[in-house]
Amino acid sequence: MAALRAVGAVLLRPGRGEAAARLGYHKKVVDHYENPRNVGSLDRNAKNVGTGLVGAPACGDVMKLQVEVDENGRIIDARFKTFGCGSAIASSSLATEWVKGKTVDEALKIKNTDIAKELCLPPVKLHCSMLAEDAIKAALADYKLKQDPNKEESEKKANNA
């Protein structure tokens, strides 16, 4: 497995796009890998920032996606950090592009199938787009929790009653 990751890392280095494309990576994946959008972090302690951290134990990919939401409920910024294959990085990069400018509810409608279709991911890489969808949902759930931290407590009490 480590050897495969090493081969993938070499093939997806900048300037190696043609080699990666020959091995089945679509040019959109290579573009997002070589030129990732919105890499970085936001202040996870800010009340208007939601953070989602998800992983896939089967392949070892880990994805952190953060969103910054304005007072009108619109996502004004998004950042990601991903440890994983080129498809996982591309899925994260595309997800951050897509959520920016959307309302929280609109962003929740982004599906892994849409990400997979846009990046032309093969079936063996669909878990990467699923991680991106899960990361969006986790970040938005964290944001919502920060807006009303007492809501989770009252829901737990209601479920235990």
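As the structure is a computational prediction, the values presented were derived from the model and not from experiment. (Residues numbered from 1 in each chain as written. Predicted model: local features only at pLDDT ≥ 70, side-chain atom pairs only at ≥ 80, totals over all residues. Heavy atoms only, no water.)

**Describing helix 3 (residues 27–34)**
- Within helix 3, burial applies to Val 29, Val 30 and His 32. Relative to the axis of helix 3, the buried residues are bounded by an arc of 165° and lie together on one face. (Buried < 20%, exposed > 50% of the residue type's maximum accessible area, 1.4 Å probe, protein only. Helix = DSSP H or I, 4+ residues; strand = E, 2+ residues; numbered from the N terminus. Arc of directions from axis to C-beta.)

**Digging into unusual backbone geometry**
- Positive phi is not limited to glycine here, since Asn 38 has a value of about 65°.
- Backbone geometry places Cys 120, a non-glycine residue, at a positive phi of 55°.
- Judged by relative accessible area, which is 36%, Cys 120 ranks as partly exposed.

**Here we look at the pattern of salt bridges**
- Scanning the entire structure with this criterion turns up nine salt bridges.
- For the salt bridge of Glu 97 with Arg 37, the shortest nitrogen-to-oxygen distance reads 3.5 Å. Of this pair, Glu 97 sits in helix 4 (residues 86–99) while Arg 37 is found in the loop between helix 3 and strand 1 (49–56), placing the two residues 60 residues apart along the sequence.
- Salt-bridge contacts for Asp 142 lead to Lys 146; the nearest nitrogen and oxygen are separated by 4.0 Å. With Asp 142 and Lys 146 both in helix 7 (residues 126–147) and four residues apart, this pair spans about one turn of that helix.
- Three or more residues joined by partner-sharing salt bridges are found here, namely Asp 31, Arg 37 and Glu 97. (Salt bridge = Lys/Arg side-chain N within 4 Å of Asp/Glu carboxyl O.)

**Some details on the state of the cysteines**
- All told, the structure shown has zero disulfides when counted by the stated rule.
- Here Cys 59 is not cross-linked by a disulfide; its sulfur's nearest cysteine counterpart is in Cys 128, at 6.0 Å.
- We note that Cys 128 lacks a disulfide partner, and the nearest cysteine sulfur, in Cys 85, lies 3.6 Å from it.
- Residue classification places Cys 128 among the buried positions, given a relative accessible area of 0%. (Disulfide = S-S within 2.5 Å.)

**Concerning the nonpolar core**
- Judged by nonpolar contacts, the single largest core of 33 residues is most densely connected at Val 67 and Val 99.
- Elements with a minimum of two residues in this core: helix 3, strand 1, strand 2 (61–69), strand 3 (75–83), helix 4, helix 5 (104–107), helix 6 (112–119) and helix 7.
- Counting residues per element, this core draws most heavily on helix 7, which supplies eight residues.
- Apart from residues no more than four positions distant in its own chain, Val 67 is found in contact with Leu 42, Asn 48, Val 49, Gly 50, Ile 75, Asp 77, Ala 78, Val 99, Ala 139 and Leu 140. (Core = buried A, V, L, I, M, F, W, Y, C linked by side-chain atoms within 4.5 Å. Contact = heavy atoms within 4.5 Å.)

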